[in-house]
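The chain contents come next:
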Amino acid sequence: YISKCMKVLLEKRKLEIMQYVFSYKEHILNILKHSYNKSIAEILNKILTNEDRYMTGTSGEEFASDKQEILKLMIDKMRPNNSIEDITNNCFILCTLVDTKQQMPFFMNEETLKEVFKISTSQHPMSLRAGLTYFITLNRMKNSGAPVAPASQQFNFLGMNSAPPEEKKEEELDFSTLIRLSIENMVNFKDYLLKKNENEPLEMQHGAKQIPFGLDRLKIIEWLHSLILRNEEGICKKIGELEFPKLLLNQMKAYDCLLYKSPSPRDLSTSRMPSSA
């Protein structure tokens with residue numbers, strides 16, 4: 001009920017609420033502690049995607065200086081030691097911030113990208129899917145900084161809507177670091193595809209049981225596809241060197257079932273994304 005009241009206040013008394021929230025960094029940190037909760041995550045999403053319009057005066061400047069610390073904590077929430085809900089909700093909010101083109105210097109920073117790749121290659125299926133979803137969101141952005149598809153079209157498990165981007169000229173984004181790190185980390189995802197599939201067998205229509213390909217592996221394919229669409233020579237060359245096409249064809253032939261029986265309805269799964277994603 002409190003979260004519902006907060007959402008109403010954010011709609012009706014936005015200026016006052018936002019100024020209060022930004023007056024003390026601990027307000028945001030306390031909300032972040034409970035980001036595993038869907039309703040709290042929705043509030044955090046609304047606050048962070050609107051903050052630039054309300055950060056004025058000394059308190060706003062102080063909060064702006066702490067913004068990167070908050071974003072780092074959100075990325076840390078995608079680590080394997082966190083709950084499925086924490087990983088899922090924080091991934092969504094971060095991708096929404098990318099879609100609204102806020103804090104792009106932070107998101108495209110080499111240190112940030114390395115940290116997310118480290119999370120993605122932790123051998124944890126949920127963290128892998130969250131990290132690669134983050135990179136897919138970046139890869140789908142045009143060089144002008146305008147997103148190809150908003151996060152609201154990539155996610156529907158939280159029912160959140162991204163704030164519409166403001167009409168203004170965007171600065172050119174430098175994708176060179178992202179491309180370089182993607183190429184360097186490709187071998188890690190090849191190793192993941194080659195490791196033993198630990199998904200539990202699912203019963204097929206004909207009665208036999210089949211180990212599913214898994215959404216973690218499907219997410220790797222989606223990530224590779226988003227990289228190929230960037231049309232960078234180095235990417236295609238590396239994909240060929242690692243023999244990804246041959247590997248993926250051989251693996252796909254070995255599976256009759258490509259789906260994965262999610263342990264939770266709140267799981268980060270591409271099966272719940274619309275076809276446009």
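Throughout this document, residue positions are counted from 1 along each chain, in the order its sequence is written. Given that the model is predicted, a residue must reach a pLDDT of at least 70 before its local features are reported, and side-chain atom pairs must reach 80 or more before they are shown or counted; all residues, however, enter totals for whole chains, interfaces and linings. With hydrogens and water excluded, all non-hydrogen atoms of the structure serve as input to the side-chain values.

### Here's the deal with the packing of helix H3 (residues 25-33) against helix H4 (residues 38-48)
Heads up, the condition is: A fitted line through C-alpha atoms serves as each axis, taken over the contacting stretch for helices, and the angle formed by two N-to-C directions is quoted from 0 to 180°. The secondary structure listing takes helices from DSSP runs of H or I that are at least 4 residues long and strands from runs of E that are at least 2 residues long, numbered from the N terminus. For a crossing to be left-handed, the near helix must be turned anticlockwise from the far one by less than a right angle; the clockwise case is right-handed. Throughout, a contact is declared for two residues whenever any of their heavy atoms are within 4.5 Å. For this scheme, ten residues count as nonpolar: Ala, Val, Leu, Ile, Met, Phe, Trp, Tyr, Cys and Pro. Four count as charged, namely Asp, Glu, Lys and Arg, and the remainder, Gly too, count as polar.
Between H3 and H4, whose axes approach to 9 Å, the crossing angle comes to 145°. Crossing angle aside, the handedness with which H3 passes H4 is left-handed. The segment H3 lies against H4, with Ile28, Ile31 and Leu32 engaging Ile40, Leu44 and Ile47. Residues of the contact of H3 with H4, tallied by class, amount to six nonpolar, no polar and no charged.

### What to know about the packing of aromatic side chains
Rule in force here: What counts as a ring pair is set by centres within 6.5 Å for rings of Phe, Tyr and Trp (its six-membered ring), and what kind of pair is set by the plane angle: stacked under 30 degrees, edge-to-face over 60, tilted for all other angles. The cut-offs for exposure are 20% and 50% of the maximum accessible area for each residue type, with area from a 1.4 Å probe on protein chains only; residues under the lower value are buried, those over the upper are exposed, and the others partly exposed.
Going through the model one piece at a time under the given rule, you end up with six aromatic pairs. Here Phe106 and Phe107 contribute two aromatic rings whose centre-to-centre distance is 5.5 Å and whose plane-to-plane angle is 70°, an arrangement assigned as edge-to-face. Like Phe106, the residue Phe107 is buried in the burial classification. Measuring from ring centre to ring centre gives 3.9 Å for Phe117 and Phe135, while their planes differ by 20°; the resulting arrangement is stacked. Note that Phe117 is positioned in helix H8 (residues 110-120) and Phe135 in helix H9 (residues 125-139), a separation of 18 residues in sequence. With a relative accessible area of 2%, Phe117 lands in the buried category. Classification of Phe135 by relative accessible area gives buried; the value is 0%.

### So, H9
Here is the rule we go by: What a helix should span is 1.5 Å times the count of its residues minus one.
Taking 1.5 Å per residue as the helical rise, H9 with its 15 residues ought to reach 21 Å, and the 21 Å between its terminal C-alpha atoms agrees with that figure. With respect to burial, H9 is a largely interior element, 14 of its 15 residues being buried.

### Quick word on the environment of Ser120
Spelled out, the test is: Each polar contact in these results corresponds to two N or O atoms within 3.5 Å; when the atoms are within protein, one needs to be able to donate a hydrogen and the other to accept it, and residues that are neighboring in sequence are counted only if both atoms are side-chain atoms.
Along the chain, Ser120 falls in helix H8. Between the C-alpha atoms of Ser120 and Met78, which are 42 residues apart in sequence, the distance is 9.0 Å. If we skip the residues at most four places from it in the chain, Ser120 touches Ser127, Leu128, Gly131, Leu132, Phe135 and Phe189. Looking at Ser120, its side chain comes within polar contact range of the main-chain oxygen of Val116, at 2.8 Å.

### Describing the nonpolar core
Burial of nonpolar side chains together is a common tendency in soluble globular proteins. Applicable threshold: Nonpolar cores are built from buried Ala, Val, Leu, Ile, Met, Phe, Trp, Tyr and Cys residues. Side-chain atoms within 4.5 Å join them into one set.
Core analysis: the largest hydrophobic core is formed by 63 residues, its most contacted members being Phe135, Leu138 and Trp223. Residue contacts for Leu138: discarding those within four places in its chain leaves Val98, Met104, Phe107, Met108, Leu113, Phe175, Leu178 and Arg230.

### Side note on the pattern of salt bridges
Selection criterion: For salt bridges, the criterion is a side-chain nitrogen of Lys or Arg within 4 Å of an Asp or Glu carboxyl oxygen.
Inspection of the entire model under this criterion finds eight salt bridges. A salt bridge links Glu115 to Arg79; the shortest N-O distance between them is 1.9 Å. With Glu115 in helix H8 and Arg79 in the loop between helix H5 (57-76) and helix H6 (84-99), this residue pair connects regions lying 36 residues apart in the sequence. Take Glu115: its relative accessible area is 27%, and that puts it in the partly exposed class. A relative accessible area of 22% means that Arg79 is categorised as partly exposed. Residue Arg140 pairs with Glu222 through a salt bridge whose shortest N-O separation is 3.2 Å. Remark: Glu222 occurs in helix H12 (residues 215-228) and Arg140 occurs in the loop between H9 and helix H10 (151-154); sequence separation between them is 82 residues. The residues Arg140 and Glu222 share a single accessibility class, namely buried.

### Concerning the confidence of the model for the protein
Rules: What pLDDT conveys is the predictor's confidence in a given residue, as a value from 0 to 100.
Chain-level statistics for the protein give a pLDDT mean of 76 and a share of 73% at 70 or above. Across the protein, the element-wise mean pLDDT spans from 45 in H10 up to 94 in H8. Note on residues 144-166: pLDDT is under 50 here. Beyond four places in sequence and across chains, it has 63 contacts. In this model, residues 260-277 is a region of pLDDT below 50 whose contacts with residues beyond four sequence positions or in other chains number 45 contacts.

### Concerning the environment of Leu29
Mapped onto the secondary structure, Leu29 falls in helix H3. On a C-alpha basis, the gap between Leu29 and Ile70 in space is 7.3 Å, while along the polypeptide they are 41 residues apart. Those residues in contact with Leu29 that sit more than four places away from it in its chain are Ile70 and Leu73.

### Some words on unusual backbone geometry
One non-glycine residue, Gln123, lies in positive phi territory at about 70°. Residue Gln123 is classed as partly exposed on the basis of its relative accessible area, which comes to 41%. Backbone geometry places Asn231, a non-glycine residue, at a positive phi of 60°. With respect to the helices, strands and loops of the structure, Asn231 is situated in the loop between H12 and helix H13 (233-241). For Asn231, a relative accessible area of 67% translates into the label exposed.

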